[in-house]
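Coordinate inspection notes
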Amino acid sequence: MPGIDESLLEAMRLPGARGALVVDWISGLALGAVGEAPGGDTEATAAETAELARLAMESGTLAPADGGSARRDREPAVDDLILTTADAYHLLRFVITTFDSTVFLYLWLDRADGNLALARIRLAEMADRLVLG
């Protein structure tokens with residue numbers, strides 16, 4: 001089972017990957033980083049994407065329609081976020097753990113070279129296998 005570094009390196013093997021982070025969405029700190037960061041600042045990217053993650057996770061509007069009864073107790077209400085810009089995709093995938101996880105994987109993907117569907121599937125697989133601690 002891969003740890004943070006192995007998962008980040010796996011993410012960078014995706015076509016069009018420019019950078020990847022593992023971020024704690026409560027503190028806004030990067031737990032690991034590889035590749036580039038938008039604007040060149042990894043810590044700023046971690047803090048800003050953590051703010052998006054926090055808003056999504058705390059939003060009552062984005063809660064499951066059934067009130068969450070069909071989901072496991074520890075599973076987050078939001079699986080992932082996708083933000084598109086003119087030249088890139090930004091994917092945030094929440095990591096489910098046996099404890100109360102506040103971690104997500106972030107992938108910066110070049111829009112011209114990347115495959116959003118493939119990246120989303122692979123990021124979900126990476127999040128399921130990621131070992132924290």
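Here's a quick rundown of the structure.

Conventions used here
Residues numbered from 1 in each chain as written. Predicted model: local features only at pLDDT ≥ 70, side-chain atom pairs only at ≥ 80, totals over all residues. Heavy atoms only, no water. Pairing = 2+ DSSP bridges. Helix = DSSP H or I, 4+ residues; strand = E, 2+ residues; numbered from the N terminus. Axes fitted to C-alpha atoms, helices over the stretch in contact; angles between N-to-C directions. Contact = heavy atoms within 4.5 Å. Expected span 1.5 Å × (residues − 1). Buried < 20%, exposed > 50% of the residue type's maximum accessible area, 1.4 Å probe, protein only. Arc of directions from axis to C-beta. Polar contact = N/O pair within 3.5 Å; in protein donor to acceptor, adjacent residues only side chain to side chain. Salt bridge = Lys/Arg side-chain N within 4 Å of Asp/Glu carboxyl O.

Each strand in a sheet pairs with its neighbour through backbone hydrogen bonds, running either in the same direction (parallel) or in the opposite one (antiparallel). If you walk across this open sheet you meet the five strands as β2-β1-β5-β4-β3, and the pairing is antiparallel. Each edge of the sheet is formed by a strand with only one pairing partner; in this case those strands are β2 (30-35) and β3 (80-84). Across this sheet, the average inter-strand angle for adjacent strands is 10 degrees, counted without regard to direction. With seven bridges joining them, strand β1 (residues 17-24) and strand β5 (residues 103-110) adopt antiparallel strand pairing. From the neighbouring strand, Asp24 faces β5, where its bridge partner is Val103. Strands β1, β2, β3, β4 (88-94) and β5 of the sheet are contacted by helix α2 (residues 42-58), whose axis makes an angle of about 60 degrees with β1.

This paragraph deals with helix α3 (residues 116-129). When the terminal C-alpha atoms of α3 are compared, their 20 Å separation across 14 residues agrees well with the 20 Å that a helix rising 1.5 Å per residue should span. Along α3, the positions that sit buried rather than exposed are Ala119, Leu123, Ala124, Met126 and Ala127. Projected down its long axis, α3 carries its buried residues within an arc of 165 degrees, all on one side. Considering only its buried residues, α3 is in contact with α1 (4-12), β4 and β5. Of the residues flanking the start of α3, the one acting as N-cap is Asn115, its side-chain oxygen 3.1 Å from the backbone nitrogen of Ala117.

With that settled, consider the pattern of salt bridges. Tallied over the full model, the rule gives six salt bridges. In this structure, Arg129 engages Glu10 in a salt bridge whose closest nitrogen and oxygen atoms are separated by 2.6 Å. You can see Arg129 sitting in helix α3 and its partner Glu10 sitting in helix α1, a full 119 residues away along the chain. Among the residues examined, Arg129 registers a relative accessible area of 31% and is labelled partly exposed. Put simply, Arg54 and Glu51 hold a salt bridge, and the shortest N to O gap is 2.6 Å. With Arg54 and Glu51 both in helix α2 and three residues apart, the pair spans about one turn of that helix. We classify Glu51 as partly exposed; its relative accessible area is 38%. The network of salt bridges with shared partners includes Asp80, Arg93 and Arg120.

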